[in-house]
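Listed below are the residues making up each chain.
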Amino acid sequence: MNCSLAVNSAGTSRLTDMHHWMVYPSLDVAAKAAADFIAEQIAASIEARGVCHMIVPGGNTPAGCFAALAEKPLQWDKLHCYPGDERCYAVGNTERNDVMITANLLSRLTSIHFHPMQAERGAEQAALAYRKTIGAIDAFDIAFLGMGEDGHTASLFPGNAALQETASVVAVHASPKPPADRVSMSLVTLRQARLRVVLAAGASKAMIMARIRAGEALPVNQVGDIHWFVDEASVSKEGE
Ligand code: 6PG
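Residues numbered from 1 in each chain as written. Predicted model: local features only at pLDDT ≥ 70, side-chain atom pairs only at ≥ 80, totals over all residues. Heavy atoms only, no water.

A. Molecular detail of the sheet that holds strand 9 (residues 169-172). Spatially, 6-10-9 is the arrangement adopted by the 3 strands of the open sheet, whose pairing is antiparallel. A strand with exactly one partner marks an edge of an open sheet, and here the two such strands are strand 6 (85-87) and strand 9. This sheet shows a mean twist of 15 degrees between the axes of neighbouring strands, independent of strand direction. One ladder, built from 3 bridges, connects strand 6 with strand 10 (residues 182-185); its direction is antiparallel. Of the residues in strand 10, the one forming a bridge with D85 is S184. (Pairing = 2+ DSSP bridges. Helix = DSSP H or I, 4+ residues; strand = E, 2+ residues; numbered from the N terminus. Axes fitted to C-alpha atoms, helices over the stretch in contact; angles between N-to-C directions.)

This is how it looks when you write it as structure tokens:
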């Protein structure tokens, strides 16, 4: 994979044939830069279409980015947020992604329209119901995603049957990351988004990041071109 390296004041930018990499000294700096970029895209979507439909990630990484985003002067009542995936736990279980999203974003910005996945109903029922929830959206304006150490994104894991599904929202079983049962936006839906952003950080992701930069196909880089916001630890030479 050929790429050119351009250095800018805030970090280094690596443009590859499909992805745009922004590398920052730390997760904190990368999260703030991602928040700046996402805020611009939210404003542009609202300007163009009067609304912004954004997929938001679960996991631990996004918290700082959500906090930085919450400081932005945007028309929050025109933003609709949808979890990229949800873990099949009871409503209110602290392991659920919507609990993290609420704590870090929605509790700060109560006018955002949030559409939770009813994962408590079980993966199949929740996936069927959520297809209806997003049925009127032809393309999400922003798919803001995380990435796991195995290259998964949302709840689309390497080698999992859900990767082959063509429905907009899929039931996931045998997830290697607990819980085994989840609900996820599908590759089809993520590919259809107008824009994809991945925030990833930490030395634990350096190995998988090296494989991605070498061009290996993993769930995260099968979603299409990505604006990557990463820290130096996750793109360190140790990972190569
Ligand atoms: C989940 C998330 C998942 C997450 C990655 C990264 O339900 O686990 O949706 O896709 O984004 O696993 O998680 P961290 O940010 O905690 O590393």
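There's plenty left to go through after this.
B. Geometry of the site of the ligand. Neighbouring the ligand are 15 residues; T61, D85, H152, A154 and K205 lie closest to it. Burial of the ligand by the protein chains amounts to 92% of its free accessible area of 420 Å². Counting atoms within 2 Å of the grid points, the majority share of the ligand lands in the largest pocket. Across the shell around the ligand, the residue classes break down as 2 nonpolar, 8 polar and 5 charged. (Near = heavy atom within 4 Å. Areas by Shrake-Rupley, 256 points an atom, 1.4 Å probe, with all protein chains shown as cover. 1 Å grid on protein atoms, 1.4 Å probe; cavity = no way out; pocket = protein on both sides within 12 Å on 5 of 7 lines; lining within 4 Å. Sits in = over half its atoms within 2 Å of the grid points. Nonpolar A, V, L, I, M, F, W, Y, C, P; charged D, E, K, R; others polar.)

C. Representation of unusual backbone geometry in the model. P179 follows P178 through a cis peptide bond whose omega is 0 degrees. Along the chain, P179 turns up in the loop between strand 9 and strand 10. Even without a glycine there, the phi angle at A154 is positive, about 50 degrees. With respect to the helices and strands, A154 occurs in the loop between strand 8 (142-145) and strand 9. A154 gets classed as buried once you look at its relative accessible area, which sits at 12%. The residue A174 is not glycine, and still its phi comes out positive at about 60 degrees. Within the secondary structure, A174 sits in the loop between strand 9 and strand 10. (Buried < 20%, exposed > 50% of the residue type's maximum accessible area, 1.4 Å probe, protein only.)

D. Layout of helix 3 (residues 97-106). Among the 10 residues of helix 3, 7 are classified as buried, and the element is accordingly described as predominantly covered. Where the residues of helix 3 are buried, they touch strand 4 (52-56), helix 2 (63-69), strand 5 (79-83), strand 6 and strand 7 (113-114). (Contact = heavy atoms within 4.5 Å.)

E. Geometry of the layout of surface pockets. Approximately 460 Å³ is the volume attributed to the largest pocket. Forming the boundary of the largest pocket are 28 residues, of which G58, G59, N60, R87 and K177 lie nearest the centre. (Points joined across faces, edges and corners; volume = space filled by probe spheres on them.)

F. Representation of the confidence of the model for the chain within the structure. Residues of the chain with pLDDT of at least 70 account for 92%, and the chain-wide mean is 93. Contacts for the low-pLDDT stretch residues 1-9, under 50 throughout, to residues beyond four places or in other chains number 23 contacts. (pLDDT = per-residue confidence, 0-100.)

G. Spotlight on the side chain of S155. Along the chain, S155 turns up in the loop between strand 8 and strand 9. Judged by relative accessible area, S155 falls into the buried class, the value being 0%.

H. Spotlight on the pairing of strand 12 (residues 227-231). With 4 of its 5 residues buried, strand 12 lies for the most part within the structure. With 4 bridges connecting them, strand 11 (residues 196-200) and strand 12 associate as parallel partners. Among the inter-strand pairings, A200 is bridged to a residue of strand 12, identified as V230. With helix 6 (residues 206-213) bridging strand 11 and the parallel strand 12, this β-α-β connection has right-handed handedness. (Right-handed = clockwise from strand over helix to strand, strands pointing away.)

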